[in-house]
Amino acid sequence: MSKDIRKVAVLGSGVMGCAIACHLANCGIPALMLDIVLPLSDDDKAKGVKETDPAHRNKLSAGALAKALAAKQPMSPLYVNKNAQLIEVGNFTDDMHRIAECDWVVEVVLERMDIKKKVFAQVAEYWKPGMIVTSNTSGLPIKEMASEMPAEMKKHFFVTHFFNPVRHMKLLEFVLGEDTDPQIASALAEFGEKVLGKGIVIGKDTPNFVANRIGVYGIMAVLKHMQDMDMRFDEIDAIAGPPMGRPKSAVFRTADLVGLDTFSHVSTTVYDLCPDDEQRDVFKVPDFMKKMVENGWLGNKSGQGFYKKDKVDGKKAFFILDYKTMEYIPSAKADFASVKKAKKVDGVGERIKTLVNGDDKAAEFAWKAVRDSVIYSCNRIPEIADDVVNIDNGMKWGFAWDMGPFETADAIGTKDMVKRIKADGLEVPKILDEAAKKGGFYKKIGPVLNYLDAETFTYKPVPQTALQLNTNQLSERVQGAVKYLTDPASKKISIAALYEAGKCFARNAGASLLDMGDGVCLLEFHTYKGMNPVDADIIMMMMQCVEEVQKRGFVGVVVGNQGQNFSVGANLLMLLMEARQKNWDNVEKASKGLQDAAMLLKYAPFPVVTAPFGMVLGGGYEVASQGDMICAAAETYPGLVEVGVGVLPAGGGCKEMLLRHTEQANGNKNEPSTFNFVRNAFESIAMAKVAMNAQQAIEWGMFRPTDHVSINKDYLLDDAKQLVLGMARAGYNPKSPKKDIRMPGRQYYAAFLNAIWTMQQGNYISEHDALIAKKVAKVLTGGDIATNAIMTEQDILDMEREAFVSLCGTEKTQDRMQYMLQNNKPLRN
């Protein structure tokens, strides 16, 4: 069915409606975005605007798209602005008939039942057999929304609740009605997962569905504990962020981001519509928050909320609200021993366990917050969802928790949780008690991860595919159609599972080689807490990989991992130590080692596909750029940022950036010079530009137009594997190092030097910035050589390496390295 979704109508162009349309366009799906026709204002009339003017009639939808186009990365709803070409704008009055062109209609209008039912009545006029109709409501009853729909349309109607920002948030909640055909929902779930890159969670027709119900409860419970324990907002955020496995925005920065008016509305919805919720009073918005909303202190969108940013003596300063006096006071850095101890612990689960087992105020707060969220989540099964998996996924994908509440309970230890909850004088939920007796909410049975079923208290396999439909809310007529989605051609590959299956055949401290199956080898990095800086061990394994693959008969290689980031660069500490000790031979060997290893992979006698994601910086980009093809996750952030630590790329980065930007010119007799293309490469390196997604990396020339973008990172490794197999089956022809690279030469080298001098004279760059930029210019132009002189890849690598070593020898570069290591930000000296 996902192949049949060729065009989508988005009804409503507000923040969510426009973001949904933009993300559809990001994924290559044309969208028709409609909204109401506004009445003419007095100002319009004074300007002579007519009601029939298309610009006026499409003012809302066109304005929303214009705002999206003006948004800056990485928060733009569009990967690149050219994707907006797939979005058509219009209005309900003139263009509603055009929804007949679409396979899916998603309603995203105001959260009022009367308005939604009016829109669905219009949709019904043009509904065609097979057209899927969904609502993006965050909690209105689906039964009431569908009450006046034709019978066939009801079968195709359900809720698809996206989370904001749509491009970044993985969660997509599905809520089916009594009449929904589950096979239709299954088909759209497959589309949502594989085409839109979403994670599907199945909820029930209850207020706020799954993630918002649990997430908002967690925040409101935190508010209560904060007041009971006489703590401040900044103290809570210091605890309830990464130390508890939550995002850096923690609790109150997140609330400021969402907006206090929105947050208060969502909380009040539960309070008003869930009279039987045992924690109902927790959802009651406290008086000080009501006052904040009255004052317009709504968070980021109003400039102040729980936090406020201002200037003091010309410098930025942060303030927090003192909810007792309703005045803003300076924010202070919290100092808790348990938090410091937890931050030193590797692994999210162990970190949370360390924190809640501490003996200070922060540990007490963390325990109460985790305890309450676990108990509340247990008590919401089967009210909001039928299993622990949907709730855990909802919190990870919708609220960016590293672990869901049930995974957190397992990390702390369910037996220990039960013991402490009883000691606190609270009732232990039945499913938590059973989990403690049986060994946890999750358990490995053989190679398969299982979860504890809430009804039978037996273990069942965790679904690995898009959707497990909730059979309890469906009519008996269609329950037989419920099934797991399976697609043998598209799999989620788990590196941890490969290790457990004994598929690793070579390993050192920094990297490993594993058998992915079907004759494909995986070269995996695993250095420094999943950040994967390139070090000597990785370089050694890159070289060993070429030998092992041929010896063992593999058909190709995928370079990838499942850490926090593909690779954040090189091992800067080791480089600084060598430079301080003036071990120039070792500095040069480090550069040449990466160059040689990268060239071995690039020109291996088998296909190599790299699979970058997250941060792909410096040496990470140099590795990622040296395969036959890049298969990148959509949210990949590549860049050569070496100038920030006083050097230039010297693992092949300058060479690869130059080749990518000049490929269009080389061999083109109509192109007299490669200078314009080289200038783009120079700007990428000298300005340390970082692309904010994979599509932008293609647009900027960091990736090639032929490289692949995987919207759903869960399928990244398998997508890369399939590309390797495709090249192998087609008959792979190994390449040879390039020996015919046309260089701009001395004329354009001089042009770069002049531009650098002008920048320095205008105080835009420092003397050391200028030195680095000159060396970059020399590498990219060839320096003092004739225009269009021919060089080889090795020639450029040699220039890279010479410039790199010379810069490492300067005191200012060493100072930049040290400052970056100490402060995690660049020094402009």
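Residues numbered from 1 in each chain as written. Predicted model: local features only at pLDDT ≥ 70, side-chain atom pairs only at ≥ 80, totals over all residues. Heavy atoms only, no water.

A. Inspection of the overall build of the chain at higher detail. Across its full length, the chain carries 35 helices and 25 strands. Computed over its C-alpha atoms, the radius of gyration of the chain comes to 29 Å, within 12% of the 28 Å expected for a compact globule of 829 residues. Summarising its shape, the C-alpha atoms of the chain cover approximately 80 × 70 × 65 Å along the three principal directions. For the chain, the share of sequence-separated contacts (at least 6 apart) that also reach a separation of at least 24 residues comes to 70%. For the chain, the accessible area works out to roughly 35,300 Å², and carbon and sulfur atoms hold 52% of it. Between the centroid of the 100 positive side chains of the chain and the centroid of its 103 negative side chains there is a distance of 3 Å. (Helix = DSSP H or I, 4+ residues; strand = E, 2+ residues; numbered from the N terminus. Rg over C-alpha atoms; globule rule 2.2 N^0.38 Å. Contact = heavy atoms within 4.5 Å. Areas by Shrake-Rupley, 256 points an atom, 1.4 Å probe, with all protein chains shown as cover. Lys, Arg positive; Asp, Glu negative; His and termini not counted. Charge placed at Lys NZ, Arg CZ, Asp CG, Glu CD.)

B. Spotlight on the packing of helix H29 (residues 675-686) against helix H33 (residues 767-781). Where H29 meets H33, the closest approach of the two axes is 10 Å, and the angle between their N-to-C directions is 145 degrees. Pair H29 / H33 crosses with right-handed handedness. Between H29 and H33, the residues in contact are Val-678, Ala-681, Phe-682 and Ile-685 and Ala-773, Val-776, Ala-777 and Leu-780, respectively. Among the residues forming the contact of H29 with H33, the class breakdown is eight nonpolar, no polar and no charged. (Axes fitted to C-alpha atoms, helices over the stretch in contact; angles between N-to-C directions. Left-handed = near helix turned anticlockwise from the far one by under 90°. Nonpolar A, V, L, I, M, F, W, Y, C, P; charged D, E, K, R; others polar.)

C. Up close: the sheet that holds strand E13 (residues 448-452). The strand order across the open sheet formed by three strands is E12-E13-E14, and the pairing between neighbours is antiparallel. If you trace the sheet from one side to the other, it starts and ends with strand E12 (442-445) and strand E14 (459-461), each paired once. The sheet shows a mean angle of 40 degrees between the axes of neighbouring strands, direction not considered. Summarising the sheet, E12 and E13 pair through four bridges and their orientation is antiparallel. Pairing of Lys-444 across the sheet is with Leu-449, part of E13. Helix H21 (residues 430-438) rests against E12, E13 and E14 of the sheet, and its axis sits at about 140 degrees to E13. (Pairing = 2+ DSSP bridges.)

D. Structural view of the confidence of the model for the chain. Across the chain, pLDDT averages 94, with 96% of residues at or above 70. Segment residues 468-489 is flagged for pLDDT under 50; beyond a separation of four residues in sequence, or across chains, it makes 53 contacts in the model. (pLDDT = per-residue confidence, 0-100.)

E. Representation of helix H9 (residues 182-194). With 13 residues, H9 ought to run about 18 Å at 1.5 Å a step, and its terminal C-alpha atoms sit 18 Å apart, in line with that. Along H9, ten of the 13 residues are buried, which leaves the element largely enclosed by surrounding structure. If you check which residues of H9 are buried, you get Pro-182, Ile-184, Ala-185, Ser-186, Ala-187, Leu-188, Ala-189, Phe-191, Gly-192 and Glu-193. If you check the start of H9, you find a side-chain oxygen 2.9 Å away from the backbone N of Gln-183, and it comes from Asp-181. (Expected span 1.5 Å × (residues − 1). Buried < 20%, exposed > 50% of the residue type's maximum accessible area, 1.4 Å probe, protein only. Polar contact = N/O pair within 3.5 Å; in protein donor to acceptor, adjacent residues only side chain to side chain.)

F. A look at the pattern of salt bridges. The final tally for this structure, using the stated rule, is 54 salt bridges. Here Lys-492 ties to Glu-193 by a salt bridge, and the two come within 3.0 Å at their closest N and O atoms. In this pair, Lys-492 is assigned in the loop between helix H22 (476-479) and helix H23 (495-500) and Glu-193 in helix H9, connecting sequence segments 299 residues apart. With relative accessibility at 28%, the residue Lys-492 sits in the partly exposed group. (Salt bridge = Lys/Arg side-chain N within 4 Å of Asp/Glu carboxyl O.)

G. Representation of the environment of Cys-654 in the model. Relative to the elements of secondary structure, Cys-654 occurs in helix H28 (residues 653-662). Distance in space between the C-alpha atoms of Cys-654 and Val-779 is 7.4 Å, their sequence separation being 125 residues. Apart from the residues lying within four places of it in its own chain, the contact partners of Cys-654 are Leu-648, Pro-649, Ile-685, Val-779, Leu-780 and Glu-800.

H. Region of the structure containing the sheet that holds strand E18 (residues 556-559). The mixed open sheet is built from seven strands, whose spatial order is E15-E16-E17-E18-E19-E21-E23. Strands with a single pairing partner mark the edges of an open sheet, and in this sheet they are strand E15 (504-507) and strand E23 (708-710). Taken over all neighbouring pairs, the strand axes of this sheet differ in orientation by 20 degrees on average, direction set aside. Note: strand E21 (residues 629-633) against E23, three bridges, orientation parallel. Bridge pairing in E23 links Ala-632 to Val-709.

I. Summary view of the pairing of strand E7 (residues 171-176). Summarising burial for E7: six of the six residues are buried, a large majority. Residue alternation in E7 divides its side chains into two sets, Leu-171, Glu-173 and Val-175 and Leu-172, Phe-174 and Leu-176, and both sets are buried. Relative to E7, strand E6 (residues 157-162) runs antiparallel, the two sharing five bridges. Paired with Phe-162 across the bridge in E7 is Leu-172.

J. Representation of the side chain of Asn-58 in the model. Secondary-structure assignment places Asn-58 in the loop between helix H3 (54-57) and helix H4 (59-70). Sequence-distant contacts of Asn-58, defined by excluding residues within four places in its chain, comprise Gly-63, Val-89, Gly-90, Asn-91 and Asp-95.

K. Looking closely at the packing of aromatic side chains. Applying the stated rule across the entire model yields 19 aromatic pairs. A ring pair is formed by Phe-682 and Phe-752, whose centres lie 4.7 Å apart and whose planes are at 35 degrees; its orientation type is tilted. Of the two residues, Phe-682 is situated in helix H29 and Phe-752 in helix H32 (residues 746-761); the sequence distance between them amounts to 70 residues. Feature note: the residues Phe-233, Phe-252, Phe-288, Phe-306 and Tyr-323 constitute an aromatic cluster, connected by ring pairs. Here the basic side chain of Arg-246 rests over the ring of Trp-401, its NZ or CZ set 3.6 Å away from the ring centre. When the ring centre of Tyr-307 is taken as origin, the NZ or CZ atom of Arg-253, which lies over that ring, is 3.9 Å away. (Phe/Tyr/Trp six-rings, centres within 6.5 Å; stacked < 30°, edge-to-face > 60°. Lys NZ or Arg CZ within 6 Å of the ring centre and 35° of its normal.)

L. Molecular detail of the packing of H33 against helix H35 (residues 811-823). Running from amino to carboxyl end, H33 crosses H35 at an angle of 100 degrees, the nearest separation of the two axes being 10 Å. Taken together, the axes of H33 and H35 are roughly perpendicular relative to one another. Note on element contacts: H35 touches H33 through Lys-812, Thr-813 and Arg-816, opposite Glu-767, His-768, Asp-769 and Ile-772. Here the contact of H33 with H35 is built from residues that sort into one nonpolar, two polar and four charged. (Parallel < 35°, antiparallel > 145°, perpendicular 65-115°, else oblique.)

M. Representation of a nonpolar patch on the surface in the model. Together, Leu-573, Met-574, Met-577 and Leu-821 give the surface a local cluster of nonpolar side chains, amounting to about 350 Å² of exposed area. With three residues, helix H25 (residues 572-580) is the largest single contributor of residues to the nonpolar patch. Looking at where Leu-821 falls in the secondary structure, it is placed in helix H35. Residue Leu-821 is classed as partly exposed on the basis of its relative accessible area of 40%. (Patch = residues over 30% accessible without salt bridge, like charges linked within 9 Å, V, L, I, M, F, W, Y side chains within 5 Å.)

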